[in-house]
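# Tertiary structure, described
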Amino acid sequence: MSRIGSRTTGRPTLAEVARLSGVSPITASRALRGVSTVAPELAEKVMAAAASLGYVANPAARALASARSQSVVVLIPSLSNQLFIDTLEAIHEVMRPRGMEVLIGNYHYDIAEEENLIRNYLAYQPCGMLLTGFERSDVSRQLLAASRVPCVHMMELGGEAGTLSVGFSQHEAGRAAARHLIERGRRRLGFIAAQLDPRVMQRAEGFRQALAEAGLRAPELEMLDPQPSSIGLGGELFSRLLASAPDVDGLFFCNDDLAQGAVLQALRQGIEVPRQVAMVGFNDLPASAHMVPPLTSIRTPRAAVGRGAAQALLGLLDGKRVGAERQDLGFELVVRESS
């Protein structure tokens, strides 16, 4: 015979957890979701009761009962990129005190895969979504519009009126790299990039524009490869560019891992950085400050983007008026010895 208040499956219920811990089901639910307004001593009792009963929450049942889950979906193009790891950590820091469950979808820079993730996650009735950038399939746009799920876009600025975005100008970051190298007296400037996602190409366009304005645009000094960005690929692309254009004296890399690979390859080939060729990376990953020489890079506000996007989404869910539709968090050029 099943316990009173248990499901027909025999699994313990939230009502049993509440009864054992001496609180209401609502308080028990909030404590289990980590809502910060629950008194610590009550939360401890609820957690102990849940552990003793072997209780596991059923988010699908919760969503069915409320017509809205406590889940927030975050879609990112990569889990191997430190940029997105820092962003995800910040999102968790904001969402966890509110008892929100963060569901992560990695679409590997594939808009068809992102479309599948959007379709699948919408079935769970998430209360909100955090999306990376603006490039996605028409079907994905239709699914999101029909769902009416609140969305905030990360890493880029723009979109249609009424679209919330938190990030910085990728285009201006590319311009800043070009201006820095030009100010350093470099005249044969190249661009090395991989992955070639929309944000990489926005940086490329900013870099090209600044060079064109200075009369220094040289398309033959670009090395673009659709492979995933990596240190090994950075060294390989640097060697290939140097073989075809030995007079190149300044390089901007779309990501720090490519730039780090180029710095290491320059050491192997006996090429002096920055005397022979100056180098600028992007994202300012932790290892860049410890390269030989230390790498100049554009520091991006990846954690601040995650926090800002999460806070903007919570504002939407709370029915609060959100300030600017475009929250530009800027970037910083960190000048080190490589340039």
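Per chain, residues are indexed from 1 in the order of the written sequence. The predicted origin of the model limits local features to residues at a pLDDT of at least 70 and limits the giving and counting of side-chain atom pairs to 80 or more, whereas totals for whole chains, interfaces and linings rest on all residues. Excluding hydrogens and water, the side-chain figures rest on all heavy atoms present in the structure.

As a further point, take the overall build of the chain. The helix count covers DSSP runs of H or I at least four residues long, the strand count covers runs of E at least two residues long, and both are numbered beginning at the N terminus. A tally of regular secondary structure across the chain gives 12 helices and 12 strands. Categorising residues by exposure relies on relative accessible area from a 1.4 Å probe, with only protein chains included: less than 20% of the type maximum marks a residue as buried, more than 50% marks it as exposed, and the intermediate range marks it as partly exposed. Considering the chain as a whole, with its 339 residues, one finds that 52% of them fall into the buried category. The contact definition used throughout considers only heavy atoms, calling two residues in contact when any of these lie within 4.5 Å. Look at the contacts in the chain between residues 6 or more apart in sequence, and 70% of them connect residues 24 or more apart. Per element, the accessible surface of the chain, about 15700 Å² overall, is 53% carbon and sulfur. To measure how exposed things are, a 1.4 Å probe is used in the Shrake-Rupley method; for residues, cover is taken only from the protein chains shown.

Let us now look at the pairing of strand β8 (residues 250-253). Residues of β8 alternate between two faces, with Gly 250 and Phe 252 on one and Leu 251 and Phe 253 on the opposite face, all of them buried. The pairing of strand β6 (residues 189-194) with β8 spans four bridges and is classified as parallel. Looking at β8, one finds that Leu 189 is bridged to Gly 250. Two strands are said to pair when DSSP picks up at least two bridges between them. In this structure, β8 lies alongside strand β9 (residues 278-283), joined through three bridges in parallel fashion. Bridging across to β9, Leu 251 finds its partner in Met 279. When the strands point away from the viewer, a crossover counts as right-handed if the route from the first strand across the helix to the second turns clockwise. Between β8 and its parallel partner β9, the chain crosses via helix α11 (residues 256-269), and the hand of that crossover is right-handed.

Attention now moves to the sheet that holds β8. Spatial strand order, β7-β6-β8-β9-β10-β12: six strands in an open sheet with mixed pairing. The open sheet is flanked by β7 (222-225) and β12 (332-334), the only strands paired with a single partner. The mean angle between the axes of side-by-side strands here comes to 15°, regardless of whether they run parallel or antiparallel. The pairing of strand β10 (residues 296-299) with β12 spans three bridges and is classified as antiparallel. In the strand pairing of β12, Arg 299 is matched with Glu 332. The axes used here are C-alpha line fits, helices contributing only the stretch in contact, and every angle between their N-to-C directions lies in the interval 0 to 180 degrees.

A word on the packing of aromatic side chains. Pairing of aromatic rings covers Phe, Tyr and Trp, the last through its six-membered ring, and needs centres within 6.5 Å; plane angles under 30 degrees mean stacked, over 60 mean edge-to-face, and all others mean tilted. Evaluation of the coordinates by the stated rule reveals four aromatic pairs. Each ring, one from Phe 168 and one from Phe 282, has its centre 6.3 Å from the other, and the planes form 40°; the classification is tilted. Here the residue Phe 168 occupies a position in the loop between β5 (164-167) and α8 (170-183), and Phe 282 occupies one in strand β9, the gap between them amounting to 114 residues. According to the relative accessible area criterion, Phe 168 is buried, its value standing at 3%. Classification of Phe 282 by relative accessible area gives buried; the value is 1%. With 5.4 Å between their ring centres and 35° between their planes, Phe 207 and Phe 252 make a pair best called tilted.

Here we take up the environment of Ala 309. Residue placement: Ala 309 occurs in helix α12 (residues 302-317). Assessed through its relative accessible area of 0%, Ala 309 is described here as buried. C-alpha separation for the pair Ala 309 and Val 292, spaced 17 residues apart in sequence, amounts to 35 Å. With residues up to four places along the chain from it excluded, the contact list for Ala 309 reads Leu 130, Val 152, Met 154 and Val 166.

All right, on to the nonpolar core then. Ranked by internal contacts, the top residues of the largest apolar core, which has 46 residues, are Ile 192, Phe 207, Phe 238, Leu 251, Phe 252, Phe 253 and Met 279. If you list the elements that add at least two residues to this core, you get α8, β6, α9 (198-213), α10 (231-244), β8, α11 and β9. Not counting residues up to four positions away in its chain, the partners in contact with Phe 253 are Ile 192, Leu 258, Ala 259, Ala 262, Met 279, Val 280, Gly 281 and Phe 282. As used in this record, nonpolar core signifies buried Ala, Val, Leu, Ile, Met, Phe, Trp, Tyr and Cys residues forming a set joined through side-chain atoms within 4.5 Å. Of all hydrophobic cores here, the second largest spans 25 residues; its members include Ile 76, Val 102, Cys 127 and Ala 310.

The next thing to look at is the sheet that holds strand β4 (residues 151-155). The six strands lie next to each other as β2-β1-β3-β4-β5-β11, forming an open sheet whose pairing is parallel. Edge positions in the sheet fall to β2 (101-106) and β11 (326-328), since each of these pairs with one other strand and no more. This sheet shows a mean twist of 20° between the axes of neighbouring strands, independent of strand direction. Across four bridges, β4 lies against β5 in parallel orientation. Across the sheet, the residue bridging to His 153 is Ser 165, located in β5. Docked against the sheet, α12 engages β1 (71-76), β3 (128-132), β4, β5 and β11, running at close to 170° with respect to β4.

This part is about the pairing of β9. Counting buried positions along β9 yields six of six residues, so the element is predominantly enclosed. Sheet analysis places β9 next to β10, joined by four bridges and oriented parallel. Among the inter-strand pairings, Val 280 is bridged to a residue of β10, identified as Thr 296.

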